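Topology and contacts: notes
Below are the chains, spelled out letter by letter.
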Amino acid sequence: MKNVSTHAAILSLVIGLAGTQTGYAKAQTQDNYPRLCEAATDVGNYHNDFLKSFVTLQQGDDGWLFRDHDLRLTFGPGRSGMQKLGELQQALKAKGTTLVMVPIPTRALVHPQALGDIDYNLSRSRRAYERYLKQLRGMGIVVPDLEKLVASDVDKPLFFARDHHWNSRGARAVARYTARAIQRTHDYENLEKQQFLSHYIDKDNNHGSLQRAAEILCESGDSTPRYPKESFKIYQTALAGEADLFGDEQAADIVLVGTSNSQGKLWYNFSGFLSQYTNLDVSNEAVSGGGYDGSLMQFLRSDAFKQQPPKYLVWEIPSYYTLGSMAFYEQVLQLLKEES
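Residues numbered from 1 in each chain as written. Predicted model: local features only at pLDDT ≥ 70, side-chain atom pairs only at ≥ 80, totals over all residues. Heavy atoms only, no water.

1. Some words on the overall build of the chain
Helix and strand counts for the chain come out as twelve helices and eight strands. A burial count over the chain gives 48% of its 340 residues as buried. Here the analysis covers contacts within the chain between residues at least 6 apart in sequence; of these, 78% occur between residues at least 24 apart. Only carbon and sulfur atoms are counted for the fraction: they give 46% of the accessible area of the chain, which is about 16,900 Å². (Helix = DSSP H or I, 4+ residues; strand = E, 2+ residues; numbered from the N terminus. Buried < 20%, exposed > 50% of the residue type's maximum accessible area, 1.4 Å probe, protein only. Contact = heavy atoms within 4.5 Å. Areas by Shrake-Rupley, 256 points an atom, 1.4 Å probe, with all protein chains shown as cover.)

In structure tokens, the structure reads:
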């Protein structure tokens, strides 16, 4: 019995050392998900353009990963930036367009229960986020009641556990709040409504961006992902009785600009859900990989905007963007001035 115990102890030590050498493969969280390696804590290891977007990964519970963007304690630009946002709102209003800003709450604000041992001041972050939304509304910008989403207990994930995007459930929830905000505006009641229906069409699996960053940092050396891919549902929205949403060439009352949450490789159907809940056609002009400003600038330069500005411009922006660039405001306000 003594020899068996000795061999078992030696074997355990060897396995433990092997796991230490790979830095990743054998360490597990209590829920049997892999645990981040020590290399993920060193900012110097985030050396290429992809990894720089995920500084610095931290381990949550139940297979969740977070990055610094998720753990923000302040939101929105400073005084000068807020003033410029107000000028942008007024410049669009002069063209008959109502600006609707959708500052998507961070993953930590929506799912604080997944943070585990991560040091994060939830109450401070929540107050800052609520203050940001209030400031935007104070300038006449239409903003969904997303603080209600943050304050509520979420039964099912609205974001992927290991990807920086929302899932289709999150896109639907935010679309519902956004539609309610639009419906409260004066112009909404005068617009012609249509019925749109969203249908489940398929499901897919997401090899999330945060887990890919973790695998690179920890040099797993294994073609099989250390984390399982996350399943999500795919929806498509169409006019009632129509095959798809985009069969009508008439200019849409709502134009959506934004990030890969709205238009990317994975289809979360935010624009479709927005049509369903507003009963209005939505033209999706979002750009994947364009940051907070790429699709907005592109649309404002377009002939479609110059010839017929939309009733509503919905600007989807992850709230970790500070929107503090004066160069951005100079460009966009000059652009609107030139088109007057």
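Let's pick the thread back up.
2. Observations regarding the pattern of salt bridges
All told, the structure shown has six salt bridges when counted by the stated rule. In this structure, Glu-87 and Lys-84 form a salt bridge, with 3.7 Å as the shortest nitrogen-oxygen distance. With a gap of three residues between them, Glu-87 and Lys-84 both fall in helix H3 (residues 79-93), about one helical turn apart. What makes Lys-84 partly exposed here is its relative accessible area of 25%. Between Arg-184 and Asp-145 there is a salt bridge, with its nearest N and O atoms 3.4 Å apart. Within this pair, whereas Arg-184 is found in the loop between helix H7 (168-183) and strand S4 (196-206), its partner Asp-145 is found in the loop between helix H5 (122-138) and helix H6 (146-151), the two being separated by 39 residues in sequence. Exposure remark for Asp-145: the relative accessible area of 16% places this residue in the buried category. The network of salt bridges with shared partners includes Arg-137, Asp-145, Glu-147, Lys-148 and Arg-184. (Salt bridge = Lys/Arg side-chain N within 4 Å of Asp/Glu carboxyl O.)

3. Things to note about the sheet that holds strand S7 (residues 282-284)
Across the sheet, which stays open at both edges, the four strands sit in the order S3-S8-S6-S7 with parallel pairing between neighbours. Strand pairing shows two members of the sheet lacking a second neighbour, strand S3 (98-104) and S7, which therefore form its edges. Each adjacent strand pair in this sheet contributes to an overall mean axis angle of 20°, direction not counted. Note: strand S6 (residues 254-257) against strand S8 (residues 312-318), four bridges, orientation parallel. By the bridge assignment for S8, Val-257 is matched with Trp-315. On the sheet, H3 packs against S3 and S8 and is oriented at approximately 140° with respect to S3. (Pairing = 2+ DSSP bridges. Axes fitted to C-alpha atoms, helices over the stretch in contact; angles between N-to-C directions.)

4. Notes on the confidence of the model for the chain
Residues with a pLDDT of 70 or more make up 85% of the chain, whose mean pLDDT is 88. Within the model, the stretch residues 1-29 combines pLDDT values under 50 with 25 contacts to residues more than four positions away or in other chains. (pLDDT = per-residue confidence, 0-100.)

5. Description of the pairing of S8
In terms of burial, S8 is largely enclosed, as seven of its seven residues are buried. Burial along S8 is two-sided: Tyr-312, Val-314, Glu-316 and Pro-318 facing one way and Leu-313, Trp-315 and Ile-317 facing the other are all buried. Sheet topology places S3 next to S8; seven bridges connect them, and they run parallel. Along S8, the bridge assignment pairs Pro-103 with Ile-317.

6. Concerning the state of the cysteines
In this structure the tally under the stated criterion is one disulfide. One disulfide bridge connects Cys-37 with Cys-218, the sulfur atoms lying 2.1 Å from each other. Here Cys-37 and Cys-218 share a disulfide; its torsion about the S-S bond, -90°, makes the bridge left-handed. One end of the pair, Cys-37, is in the loop between helix H1 (2-22) and helix H2 (49-52); the other, Cys-218, is in the loop between helix H8 (209-217) and strand S5 (230-239), and 181 residues separate them in sequence. Judged by its relative accessible area of 7%, Cys-37 falls in the buried class. (Disulfide = S-S within 2.5 Å.)

7. A closer look at the nonpolar core
Counting 78 residues, the largest nonpolar core has Leu-85, Leu-88, Met-101, Leu-300 and Trp-315 as its most contacted members. Take this core: its biggest share by element is eight residues, from H7. With twelve residues, the next largest nonpolar core counts Leu-36, Leu-57, Ala-213 and Tyr-227 among its residues. (Core = buried A, V, L, I, M, F, W, Y, C linked by side-chain atoms within 4.5 Å.)

8. A word on the environment of Gly-289
Along the chain, the position of Gly-289 falls in the loop between S7 and helix H10 (294-300). As a C-alpha pair, Gly-289 and Ser-260 span 29 residues in sequence and 6.3 Å in three-dimensional space.

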